[in-house]
Amino acid sequence: MAAPFHKMHGLGNDFVVIDARNDPVEMTGPRAHAIADRRTGIGCDQLILLEPSSTADVKMRIFNADGGEVEACGNATRCVATLLAKPADIETVAGILKTRPQDSSASVLLNPPAFEWELIPLAMPMDTRDMPVGWETLERPMAVNVGNPHAIFFVDDCDKVDLERLGPIIETDPLFPEKINVNVATIVDQQTIKLRVWERGVGLTLACGTGACATAVAAIRSGRVQSPVSVSLPGGELRIDWKEGGPIEMEGPATHVFTGTADWSQFG
Ligand SMILES: N[C@H](CCC[C@H](N)C(=O)O)C(=O)O
């Protein structure tokens, strides 16, 4: 198992992308966790495995740093799009995503969001537009599934939220049987949102593509902003465009840092 890898990032949300299309690599949670370790492994927020697909140009599997395999990763999808270097369909657990690279950036069409409590999923029926729950200063979130589950808290100043402490408490609350990504957002103006994210299975990241999509959808649906929206994350900006009932279009940078090889059997 010696498939090459690409170290890449989307606004500082970083990935090890293993291209196993010609040389299969057996991936397990413990192996992904070992590769993601920033001291004893290669280091990344998510491990991305590219495999052949029978329904699209490529199959993309996503593992968080904790080893959990998940449904979607917006920033990584843009990175894979630039690797493929042509318009392509990418098969993920969350469905087939249409991508279009543009030099060092890419646009991705995510499938329409889901708002039903059982599709988020939540442990009990609840109005996901205004959930009657709270964790200290963070209360009454919205919940959206954009392939993966997100809770969105709109606050006056997201920089003042102690997300490092509250993030893991909310991420692992029994209300969220599949856990959840925690977004704290501040509306800057009718077309600008400031966002910080505690990512399920990772922690604080410099950017979260699906978090930006989920937050933009929640803000548009609740009339807080108008589409298209610029979402400003610690690592930089993403442009999100969405109309009720349609797909979500996300556009933003994708950076290739270096290519390497590794004997994957040495990890976990
Ligand atoms: N932590 C997310 C997966 C990666 C999302 C993020 N890196 C992105 O760019 O969308 C989850 O567990 O659903």
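None of these values were measured; they are calculated from a predicted model.

**Side note on the UniProt feature "binding site: substrate" (unreviewed entry) in the protein chain**
Logical step 1: UniProt annotation of "binding site: substrate" (unreviewed entry) refers to N13, Q46, N64, G74, N75, N148, N181, E199, R200, G209 and T210 when read in the numbering used here. Of the annotated residues named above, the ones that line the largest cavity are N13, Q46, N64, G74, N75, N148, N181, E199, R200, G209 and T210.
Logical step 2: Secondary-structure assignment places Q46 in strand β3 (residues 46-51).
Logical step 3: Those residues within four positions of Q46 in sequence are excluded, and the remaining contacts are N13, D14, F15, V16, I62, F63, N64, C73, E199 and V202.
Logical step 4: By the secondary structure assignment, N64 is in strand β4 (residues 58-64).
Logical step 5: Contact partners of N64, with chain neighbours within four places excluded, come to D45, Q46, V70, R200, G201 and V202.

**Thoughts on the site of the ligand**
Logical step 1: The local shell around the ligand holds 15 residues, among which N64, G74, E199, R200 and T210 are the closest.
Logical step 2: At 2.8 Å, a side-chain N or O of R200 approaches an oxygen atom of the ligand.
Logical step 3: G209 places a main-chain nitrogen or oxygen 2.8 Å from an oxygen atom of the ligand.
Logical step 4: A total of 360 Å² of accessible area belongs to the ligand in isolation, and the protein chains cover 100% of it.
Logical step 5: Among the cavities detected, the one that contains the ligand is the largest cavity.
Logical step 6: Contributing elements (two or more residues each) for the shell around the ligand: α2 (74-84) and α4 (209-221).
Logical step 7: Of the residues in the shell around the ligand, the class split is four nonpolar, nine polar and two charged.
Logical step 8: Among the domains, domain 1 (3-110 + 254-267) and domain 2 (117-246) are the pair contributing at least three residues each to the shell around the ligand.

**Details of the domain arrangement of the protein chain**
Logical step 1: The assigned domain composition of the protein chain is domain 1 (3-110 + 254-267) and domain 2 (117-246).
Logical step 2: The straight-line distance from the C-alpha centre of domain 1 to that of domain 2 is 23 Å.
Logical step 3: The interface is formed by 18 residues belonging to domain 1 together with 21 residues belonging to domain 2.
Logical step 4: Broken down residue by residue, the surface that domain 1 buries against domain 2 is led by L11, E71 and L110, which jointly contribute 39%.
Logical step 5: Applying the counting rule to domain 1 against domain 2 returns two salt bridges.
Logical step 6: Of the charged contacts in the structure, one is a salt bridge between K179 and D66, with a shortest N-O distance of 3.5 Å.
Logical step 7: Taken together, the links from domain 1 to domain 2 amount to seven residue pairs in polar contact (both at pLDDT 80 or more).
Logical step 8: It is α2 that provides the largest number of residues to the side of domain 1 that touches domain 2, a total of three residues.

**Observations concerning the UniProt feature "active site" (unreviewed entry) in the protein chain**
Logical step 1: As annotated in UniProt, the feature "active site" (unreviewed entry) corresponds to C73 and C208 in the numbering used here. Annotated residues spanning 136 residues; largest pairwise C-alpha distance 7.8 Å, indicating a single compact cluster. Those annotated residues from the list above that line the largest cavity are C73 and C208.
Logical step 2: Setting aside residues up to four positions removed in sequence, C73 forms contacts with N13, F15, Q46, M60, I62 and T210.
Logical step 3: The residue C208 is located in the loop between β15 (203-205) and α4 in this model.

**Topic: the nonpolar core**
Logical step 1: Formed by 33 residues in total, the largest nonpolar core has its most connected members in V144, V231, L233, I240 and I248.
Logical step 2: At eight residues, α4 tops the list of elements feeding residues into this core.
Logical step 3: Each of domain 1 (3-110 + 254-267) and domain 2 (117-246) accounts for three or more of the residues forming this core.
Logical step 4: Ranked by size, the runner-up nonpolar core spans 22 residues in total, among them A143, F153, L166 and F176.

**As for the packing of aromatic side chains**
Logical step 1: Under the counting rule described, the total for this entry stands at six aromatic pairs.
Logical step 2: Here a set of aromatic residues connected by ring pairs shows up, and it is made of F5, F258, W264 and F267.
Logical step 3: Between the NZ or CZ atom of R221 and the centre of the ring of F115, over which it lies, the distance is 3.6 Å.

Cut-offs applied
Within every chain, residues take consecutive numbers counted from 1 along the sequence as written. Restriction of local features to residues with pLDDT of at least 70 applies here, the model being predicted, together with a cutoff of 80 or more for giving and counting side-chain atom pairs; totals for whole chains, interfaces and linings are based on all residues. As a rule here, side-chain values cover all heavy atoms of the structure and leave hydrogens and water aside. UniProt positions are given in the numbering used here, feature names are shortened, and annotations may be inferred rather than shown by experiment. Points on a 1 Å grid over protein atoms alone make up a cavity when a 1.4 Å probe fits among them but cannot get out, and a pocket when they form an open set with protein on both sides within 12 Å along at least five of seven lines; lining residues each have an atom within 4 Å of a point. The numbering of helices and of strands both runs from the N terminus, where a helix is a DSSP run of H or I of at least 4 residues and a strand a run of E of at least 2. Contacts are assigned to residue pairs that have any heavy atoms within 4.5 Å of one another. In these notes, residues near a molecule or strand are those with any non-hydrogen atom within 4 Å of it. The term polar contact refers here to a pair of N or O atoms within 3.5 Å; inside protein, the definition further demands a hydrogen-donor-capable atom paired with an acceptor-capable atom, and it admits residues adjacent in sequence only when both atoms are side-chain atoms. Surface exposure here means Shrake-Rupley accessible area, sampled with a 1.4 Å probe, where a residue is shielded only by the protein chains that are shown. Think of it this way: if more than half of a molecule's atoms are within 2 Å of a pocket's grid points, that molecule is in the pocket or cavity. Polarity classes work like this: nonpolar for Ala, Val, Leu, Ile, Met, Phe, Trp, Tyr, Cys and Pro, charged for Asp, Glu, Lys and Arg, and polar for all others, with Gly in that last group. Where each domain begins and ends follows an automated or database-derived domain assignment. Defined here as a combined quantity, buried area equals the accessible surface (1.4 Å probe) lost by two parts on assembly, summed across both. Whenever Lys or Arg places a side-chain nitrogen within 4 Å of a carboxyl oxygen from Asp or Glu, that contact is recorded as a salt bridge. As used in this record, nonpolar core signifies buried Ala, Val, Leu, Ile, Met, Phe, Trp, Tyr and Cys residues forming a set joined through side-chain atoms within 4.5 Å. The buried label applies to any residue whose accessible area, calculated with a 1.4 Å probe on protein chains only, is under 20% of its type's maximum; exposed applies above 50%, and partly exposed to all values in between. Between the rings of Phe, Tyr and Trp (Trp by its six-membered ring), a pair exists once the centres lie within 6.5 Å; its type follows the angle of the planes, with under 30 degrees stacked, over 60 edge-to-face, and the other angles tilted. Here, over-ring charges are defined by two tests on the NZ atom of lysine or the CZ atom of arginine: distance to the ring centre within 6 Å, and angle to the ring normal within 35 degrees.

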